[in-house]
Amino acid sequence: MKNFLQYLKGKSYKEGEPLEKEAVIVAQKVLCNMGLDFVPASYVAFLKHHNGMKANGCYLFGATVDDDLDIIDQNENMPRPQNVLLLGYNEFDYLGYDYVHKKYQIIDREDFEVLDSYADDELGAALNEIFEV
Amino acid sequence: MTGKSYKEKQQHRLQKDTSQTPVYEYLLPPKRTKSPYEAKLMQILLEPTNFKKKFTDLKLDEQLAMNQLLAEISEYGKSENLKGFARDFAEGAEYLLDNIHQIAGTEYDKGIFTKIHRDEKRLIRMECHGTINLRTPHQLSIFYKYFNKPENKGKWGLRAYDMKKSPMWRVFMQFESFRKITQDIRKYMQKKGINPDALKVMTVSDFCDVIFQAYQKSSKDTKVSFLPEGESIKAKYVKEFMQRCGDKYKKLKLEEAAARGIRPEAVESLCNAMRLWGITEPSRITVTSFEYTPQIIKDLTKAGYDVEGIEVGSPIPQEFTDYLIMHHQEKLIQARDESGKLITTEGLEGEELHHIGAVLIAANNGYLARTNYPGMFILLNTRYHKKFIHYYDRILKHNDEEQFYQRLTIKDKKIRAMLGFGKNKCVSGDFEDSAEFKKRETEDMLYVVNYNKMTADRLKNEVEIAQKYKINYTKVAIAQKLEEIKNIKGTSKSDIQEFEGEYIKWLKEQKKNRRQKKETAHEAETKKVSKEKTSERKKIKSAKNKVKPAQKEENVKPQKPQKTLRQRKNLDKEAEFDRQVWNFIYERTGRGHKIK
């Protein structure tokens, strides 16, 4: 993830307000009530640096009041593959977390085909693949 | 920001709804998207005369909420057996939805498409953005890894790197952006001493790794641009759009900004960024001033610019603004408001790039490169893009190879940007009439290849290369091959039949080789044993007369080589693996035989 944070330096993007502990708790609670799962720990660690980001049609969700970046609103409104928590998207793909297999996935937005899978500790590579600035 | 906390925002989801039920509740689906505009929208829907006018007068967010509400009511009417006014209301919703599509100039596009390969999808994305991500080791082929080992590297002339001999690079060469870097890749591979034979067996991921390394600036990079800044297909489209339709677009944006109280400097700066760099994201764009201020003159002097004769209040020439933006020095002419505070792009919306023909469908209808043509792109308002254009996207599985799709298309193929509902929010133009584009199109036609055919060629090459360099197949390699067969399987059978034959032959040959090796080893072992036995016998014979009868038995008995428990287990595993591989091939292709 360090490398991805390094990559963002000097780039143009908009981000959500700094992450509050209470916001994470609220997000976890509501997502579970919706029949989804917890936001993975490694992604929460990323949210501590950037609580949701958007640039040029690429989005990474967070626990933020910005509707475009709100992980709850987006998971409620966007078409979603089964057993996947949506964490972001770009023009082509979703970044999702398959909470059954505990993997980050790059998923085609059109046919939900899984194009790439990444382990929990490979979140940086997954973020790199979805966020183009 | 709105100032309220996240907990407050989500309060309605955490608590039970205690609000009063509105009288029209029975007309609406119980499970619907909550909207703050619902009451206002229902007023219109319960009195829908002159709907088009009423809809056009709404703000964009309200229009999008109306679209969603109508779609949900219409779906509800189809799925439930409604009666009386509720049924009429749901049918009316469908009619009103048609009205919205007439205003937007959109229609449903429905059909069946055949899936394209993941590699092809990746190439479309990479070409569009002009970037490549770091590949993880598990994504690289065993052949590429073999040729990258220091002991397998060497020196070859540049001529030896004939990229046309590489089946998978030919897949890359379908796109103009990759054709442009072919020479760089050849040179890089030569510089790195990679055996040119590797070209024959390298996969799309392997080439991605080479491109990544060739353009990597620092070891910390995890993503690299293989095209100069602002030269990706996406950025080029935005630049061309501004060149051809910039004036109309700027006019619409200024109107929109004025209505929302946004400063014109912010719009101007966004347009500059779009025109010069192809950037459509307004956040963090430096807003530049229209005229010289004392602070700007001071900053320019400090930076070494000649400011002699420049008067405060005189306009900054566009050429000079462009020069500073192109040299990333726009901060020198930052715009400030009357109180001296920096002007930002806060509240200003940018546009997003949308592929008119979905990637899959475009690949179905024409050749791959066509997906990234200027005529296939359109700039859309962020909210309009997500909540209207993509709102109707549906995919239904038909069978393993084909799927049904439904999506919204824009009827007028000349529209290049949509900032909202209605013709007056659209910008039109034909970007495919230039000589440069015609040249690109003609060239693209020459490089069209069939992905499955290329994959089959590569796999055939693998057999040859594996034999030439004695690269033994491993369990991992076989698993990879089987995965590839699975992926190709969904497409044309005749294309891959030939490959399957070769592959099965290869497997058989490898198996035969292994058996032969084992037999040779066994023969050598037997010879050794029999030689030992003969000499032993001679010894025994010579000693026979001297030995007492009681000692005879233990000396003569031959010793059979015993396998350890681990060896036996490994052999069992190997046999089980072979059984699975052969049964898989038999089930998939009907070739070979089933092993029980």
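Remember, it's a predicted structure, so these values are computed and weren't measured experimentally.

Visitor: How do you make sense of the sheet that holds strand E4 (residues 84-89) of chain A when you look at a structure like this?
Guide: Within a beta sheet, neighbouring strands are joined by backbone hydrogen bonds and run either parallel or antiparallel to one another. The strand order E1-E2-E3-E4-E5-E6-E7 (chain A) describes an open sheet built from 7 strands, whose pairing is antiparallel. Of all strands in the sheet, those with a lone pairing partner are strand E1 (14-15) and strand E7 (114-118) of chain A, marking the two edges. Pairing of strand E2 (residues 53-55) of chain A with strand E3 (residues 58-60) of chain A, which is carried by 3 bridges, proceeds in the antiparallel orientation. Paired with Ala55(A) across the strands is Cys58(A), a residue of E3(A). Together, strand E5 (93-98), strand E6 (103-108) and E7 of chain A form the strand contacts of helix H7 (residues 118-129) of chain B, whose direction differs from that of E7(A) by roughly 85°.

Visitor: How do you make sense of the confidence of the model for chain A when you look at a structure like this?
Guide: Detailed reading of the predicted model is not advised wherever pLDDT is low. Averaged over every residue, the pLDDT of chain A is 89; the share at 70 or more is 100%. When pLDDT is averaged over each element of chain A, E4(A) comes out on top at 95 and helix H1 (residues 2-8) of chain A at the bottom at 80.

Visitor: Which parts of the structure should I look at to understand the side chain of Asp209(B)?
Guide: If you trace the backbone, Asp209(B) turns up in helix H13 (residues 204-215). Although Asp209(B) lies buried, it forms no salt bridge, and the closest oppositely charged side chain, Arg135(B), sits 6.9 Å away as judged by the N-O distance.

Visitor: How should I be thinking about the pattern of salt bridges in this particular structure?
Guide: Close approach of charged atoms lets side chains of opposite charge pair. Considering all chains together, one arrives at 40 salt bridges over all chains under this definition. Lys386(B) is the salt-bridge partner of Asp68(A), the closest N and O atoms lying 3.5 Å from each other. Highlighted residues: Asp68(A) in the loop between E3 and helix H4 (71-77) and Lys386(B) in helix H19 (residues 382-389), drawn from two different chains. Of the two residues, Asp68(A) and Lys386(B), neither departs from the other in class, the shared state being buried. Here Asp61(B) ties to Arg383(B) by a salt bridge, and the two come within 2.8 Å at their closest N and O atoms.

Visitor: I tried to follow the packing of aromatic side chains on my own but got confused; where do I start?
Guide: Each aromatic ring pair is summarised here by two numbers: the centre-to-centre distance and the angle between the ring planes. If you walk through the whole model with that rule in mind, you get 32 aromatic pairs over all chains. With 4.7 Å between their ring centres and 65° between their planes, Phe388(B) and Phe421(B) make a pair best called edge-to-face. Here the residue Phe388(B) occupies a position in helix H19, and Phe421(B) occupies one in the loop between strand E8 (415-418) and strand E9 (426-428), the gap between them amounting to 33 residues. For the pair formed by Phe388(B) and Phe421(B), the shared burial category is buried. An aromatic cluster is defined as three or more aromatic residues linked by ring pairs; in this entry it consists of Phe51(B), Phe55(B), Tyr108(B), Tyr384(B), Phe388(B), Tyr391(B), Tyr392(B) and Phe421(B). Above the ring of Tyr108(B), the side-chain terminus of Lys110(B) is found at 5.5 Å from the ring centroid. Lying over the aromatic face of Tyr59(A), Lys386(B) brings its terminal NZ or CZ to 5.0 Å of the ring centre.

Visitor: Just checking my understanding: could you explain the nonpolar core for this structure?
Guide: Side chains of a nonpolar character, in soluble globular proteins, are inclined to be buried together. Counting residues in each nonpolar core, the largest one holds 80 residues, and the members touching the most others are Trp169(B), Phe172(B), Phe178(B), Ile185(B), Ile211(B) and Phe241(B). Looking at this core element by element, the count peaks at 9 residues for helix H14 (residues 233-259) of chain B. Among residues more than four places away in sequence, those in contact with Phe172(B) are Leu123(B), Met126(B), Phe178(B), Val204(B), Phe207(B), Cys208(B) and Ile211(B). If you look at the next biggest cluster of nonpolar residues, it comprises 49 residues, including Tyr13(A), Val24(A), Ala27(A) and Tyr6(B).

Visitor: For this particular structure, what's the right way to read the pairing of E8(B)?
Guide: The side chains of a regular strand alternate between the sheet's two faces. Residues and elements named next belong to chain B. Where strand E5 (residues 377-381) lies against E8, 2 bridges are found, and the strand directions are parallel. Within the sheet, the bridge partner assigned to Leu379 lies in E8 and is Ala417. In this sheet, E9 lies alongside E8 in antiparallel orientation, the contact comprising 3 bridges. Bridged to Met418 within E9 is Cys426.

Visitor: Is there a simple way to think about the interface of chain B and chain A in this case?
Guide: The extent of an interface is frequently quoted as the accessible surface area lost upon association of the parts. Listed per partner, the contact involves 53 residues of chain B and 53 residues of chain A. Each partner contributes to the roughly 4500 Å² buried at the junction of chain B and chain A, and carbon and sulfur atoms together form 47% of this total. It is Tyr6(B), Arg13(B) and Lys386(B) that lose the most area in chain B upon contact with chain A, and together they represent 16% of the buried surface on that side. Linking chain B to chain A there are 8 salt bridges. Of the charged contacts in the structure, one is a salt bridge between Arg125(B) and Asp108(A), with a shortest N-O distance of 3.1 Å. Considering every element that reaches the side of chain B that touches chain A, the biggest residue donor is H7(B), with 7 residues.

Criteria and cut-off values
- Residues numbered from 1 in each chain as written.
- Chains lettered and ligands numbered in written order.
- Predicted model: local features only at pLDDT ≥ 70, side-chain atom pairs only at ≥ 80, totals over all residues.
- Heavy atoms only, no water.
- Pairing = 2+ DSSP bridges.
- Helix = DSSP H or I, 4+ residues; strand = E, 2+ residues; numbered from the N terminus.
- Contact = heavy atoms within 4.5 Å.
- Axes fitted to C-alpha atoms, helices over the stretch in contact; angles between N-to-C directions.
- pLDDT = per-residue confidence, 0-100.
- Buried < 20%, exposed > 50% of the residue type's maximum accessible area, 1.4 Å probe, protein only.
- Lys, Arg positive; Asp, Glu negative; His and termini not counted.
- Salt bridge = Lys/Arg side-chain N within 4 Å of Asp/Glu carboxyl O.
- Phe/Tyr/Trp six-rings, centres within 6.5 Å; stacked < 30°, edge-to-face > 60°.
- Lys NZ or Arg CZ within 6 Å of the ring centre and 35° of its normal.
- Core = buried A, V, L, I, M, F, W, Y, C linked by side-chain atoms within 4.5 Å.
- Buried area = accessible area lost by both parts, 1.4 Å probe.

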